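Fold and geometry: a report
Below are the chains, spelled out letter by letter.
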Amino acid sequence: MMTLTRAAGLVLAATASMGAHAHGPAPAAAVELSKRCAALPEGLALPENTVIHSLVLNPATPEIPEHCQVDGEINHRRGIDGQQYGIHFRLRLPTTNWNGRFYMRGGGGTNGVLIDPAARVAEGYATIGTDSGHDNTVDKAVQAGGIASFGVDPQARIDFAYNAYDLVTQAGKALVTSFYQSPPAYAYFEGCSEGGREGMLMSQRFPAHYDGIISGDPAMHLPLGPLSGIYTTQLFVGLAQRGQHFLTSGQPAIGKTYSDGDLQLVSQAVLAACDELDGLADGIVDNMPACTSERVAKALTAVRCTAEKNDSCLTGDQISTLQTAFAGAVDSNGKALYSDWPWDAGIGGRAGSTYNQGWRSWWLGAYGAPTNTAIKLNFATPLAVVYSSPPLLPIAVADSLRYSMDYDFDRDPRKLYTTSDIYAQSAASLYITDATDLSAFRARGGKIMIYQGGSDSAISTNALIGWYRKMSAAMGPQTQEFARMFVVPGMNHCRGGPATDSFDMLPQLVRWVEGGTAPESVVAKASTPAYFGVAARSRPLCPYPKQARYRGTGDINEARNFSCK
Ligand code: CA
């Protein structure tokens, strides 16, 4: 593998704008770059077993300028399970306005989909993404959990855990350097959910690769999210059975345990308890740490049915089941297996006659669906196949509910930590990405911006905050000089909810990395301001532990009337 060094003599003004050429040498003319898309130069050093499948010069469209598209694959092979594997990647190299920067976007779920952040090409980035070594359209053996079946192949586990992102970064940087005859001046990684974990991975395990990282709602404790999903599934199945909610198939109807209106009652109870703790009743709980379970419990008691269940009250069983779920997965001795969850208004949300589905989609699924659609059920098979050693087979996606109900929280979590012959690394060691020593990343000048929705029901915000505090303690009082975390109250997993959930952190990350200007706040807009009954709303997102506070005058829907305190 060739050594990639930053262009010598690089000087960049603090006010460097996006789209400006970030490195010294004059860029090759567009026509010359277009010609380079015809063939790769001889002797180009790429990771072992890299094959370039195609080079295509894509003409400009209204969305994206002309660019060279490189589709490649690393280590194509047959797995021990007989399925075909390979680490696919797609690189896009703009011919007209390259800004000198390399940009990789991470994946989601258990990956297997080729990530292609082409929109950033319009901003001048050379972009890349990968499927992380398996392909959901190919690797989907039914009795091995469908798209979780790659977990049977030990190398596919490793590629998904960390290897693919490392190799694809190396291949991408080498191709960029060859194409522009200049290495990228800066490299950026961005992702949410599993992609957020991959960002964390880059800061922890491969600190040399990226100058700047945006890690959203990171699945940093990866197998523990699915484990906690099984815990909530068991709770809500019990509630469905006690409430006589069943599907026509005879399965308990998890989605029927709470109507959209019921969750709106919970959201209103949270707001009654906590909205004004930040000094402003605006439908946003900015002071989340003060919004304790005890406070919320009082407000929930106030809406408990005193007679028959109706639309304006919750049953005692609904309230206590939800409280048990929010307290987090435990074994029979009460030992925490993952994390508790913060109370926040994004559990509900109503815009006119439409209810927010973001929170319930993970734990409950849609209310009236003919099948159980809770997304957490989709992660039962990965828990069995990808995150257990050896994989627990046979299991099909159709077995997800049965597997979830049979799961024993005293016995089965151990499988995350075991190894067995060819599965030489435990799931925990492969996938839990919560190292707190970021000194190598800091030392190379790296900067990381982390964000998460306060009402993320996929991954607990409390787990992220717990990590951030540990990491800050390990890295010392100067932590904020390279790592900042932004909690987005009301936001669900990566987006959505009664929240200012629309923002792009990349421009500020670039200014931080290249100009030294740290992000004191990030202005975010509500993608659905109707949740607040207004036409538009913006807020500053604040670096933890700061929170947004109203200045006391001016429109409460405008970010400029708030400060971070
Ligand atoms: Ca408030």
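See the structure printed just above.
Residues numbered from 1 in each chain as written. Predicted model: local features only at pLDDT ≥ 70, side-chain atom pairs only at ≥ 80, totals over all residues. Heavy atoms only, no water.

**A few points about the pairing of strand β2 (residues 67-78)**
Within β2, nine of the 12 residues are buried, which leaves the element mostly enclosed by the surrounding structure. Of the pairings in the sheet, the one linking strand β1 (residues 50-58) to β2 comprises eight bridges and is antiparallel in character. Each bridged residue has a counterpart across the sheet, and for T50 the counterpart in β2 is I74. The sheet contact formed by β2 and strand β3 (residues 84-94) spans 10 bridges and is antiparallel. Its bridge partner lying in β3, C68 is registered against L93. Linking β2 to β3, which pair antiparallel, is a turn of five residues; within it G82 sits at a positive phi near 85 degrees. (Buried < 20%, exposed > 50% of the residue type's maximum accessible area, 1.4 Å probe, protein only. Helix = DSSP H or I, 4+ residues; strand = E, 2+ residues; numbered from the N terminus. Pairing = 2+ DSSP bridges.)

**A short note on helix α5 (residues 260-274)**
When the terminal C-alpha atoms of α5 are compared, their 21 Å separation across 15 residues agrees well with the 21 Å that a helix rising 1.5 Å per residue should span. Residues D262, L263, Q264, L265, V266, S267, A269, V270, A273 and C274 constitute the buried set of α5. Against the buried residues of α5 lie α6 (293-301), α7 (316-327), β8 (350-351), β9 (354-355) and α8 (358-363). (Expected span 1.5 Å × (residues − 1). Contact = heavy atoms within 4.5 Å.)

**Comments concerning the side chain of Q318**
Within the fold, Q318 resides in helix α7. Side-chain polar atoms of Q318 contact the backbone oxygen of T257, separated by 2.8 Å. At 3.0 Å, the side chain of Q318 and the side chain of D262 are in polar contact. Setting aside its immediate chain neighbours within four residues, Q318 contacts L239, T257, Y258, D262 and K309. (Polar contact = N/O pair within 3.5 Å; in protein donor to acceptor, adjacent residues only side chain to side chain.)

**Quick word on the coordination of the calcium ion**
At 2.3 to 2.6 Å from the calcium ion lie its protein donor atoms, namely D275 (O), D275 (OD), D278 (OD), D278 (OD), L280 (O), D282 (OD) and I284 (O). One chain supplies every donor to the calcium ion, and in sequence these donors are spaced D-x2-D-x1-L-x1-D-x1-I. (Donors = N, O, S within 2.8 Å, 3.2 Å for Na, K, Ca; no water.)

**Some thoughts on the layout of surface pockets**
Taken as a whole, the largest pocket holds about 530 Å³ of empty space. Lining the largest pocket we find 32 residues, and of these M288, P289, P342, N462 and I465 sit closest to its centre. For the lining of the largest pocket, the secondary-structure elements that each account for two or more residues are α6, α7, α14 (461-475) and β13 (538-541). It is α6 that provides the largest number of residues to the lining of the largest pocket, a total of five residues. For the lining of the largest pocket, the class distribution of residues is 21 nonpolar, six polar and five charged. Each of domain 2 (187-220 + 436-520) and domain 3 (224-416) accounts for three or more of the residues forming the lining of the largest pocket. (1 Å grid on protein atoms, 1.4 Å probe; cavity = no way out; pocket = protein on both sides within 12 Å on 5 of 7 lines; lining within 4 Å. Points joined across faces, edges and corners; volume = space filled by probe spheres on them. Nonpolar A, V, L, I, M, F, W, Y, C, P; charged D, E, K, R; others polar. Domains from an automatic or database assignment.)

**Side note on the state of the cysteines**
Considering all chains together, one arrives at five disulfides under this definition. What pairs with C192 in a disulfide is C494, and their sulfur atoms sit 2.1 Å apart. Across the S-S bond of C192 and C494 the torsion is about -105 degrees, and the bridge reads as left-handed. With C192 in strand β6 (residues 186-192) and C494 in the loop between β11 (483-488) and α15 (506-515), this pair connects stretches of sequence that are 302 residues apart. In terms of burial, C192 and C494 fall into one category: buried. In this model, C542 is linked to C564 through a disulfide, with the two sulfur atoms separated by 2.1 Å. Judged by the sign of its S-S torsion, about -80 degrees, the cystine formed by C542 and C564 is left-handed. Of this pair, C542 sits in the loop between β13 and β14 (548-550) while C564 sits in strand β15 (residues 562-564), and the two are 22 residues apart along the sequence. Going through the protein chain in sequence order and numbering each bonded cysteine, the pairs you get are 1-2, 3-8, 4-5, 6-7, 9-10. (Disulfide = S-S within 2.5 Å.)

**Re the packing of helix α4 (residues 224-242) against α7**
As a packed pair, α4 and α7 sit with axes 10 Å apart at the nearest point and diverge in direction by 170 degrees. Taken as axis vectors, α4 and α7 run roughly antiparallel relative to one another. Contacts from Y231, T232, L235, F236, L239 and R242 in α4 reach D317, Q318, T321, L322, T324 and A325 in α7. Considering only residue class, the contact of α4 with α7 consists of six nonpolar, four polar and two charged. (Axes fitted to C-alpha atoms, helices over the stretch in contact; angles between N-to-C directions. Parallel < 35°, antiparallel > 145°, perpendicular 65-115°, else oblique.)

**Details of α6**
Along α6, the residues classified as buried are V296, A299 and L300. When α6 is viewed along its axis, its buried side chains cluster within an angular range of 100 degrees and face the same direction. Turned more than 90 degrees off the buried face of α6, the exposed positions are E294 and K298. Against the buried residues of α6 lie α5 and α7. (Arc of directions from axis to C-beta.)

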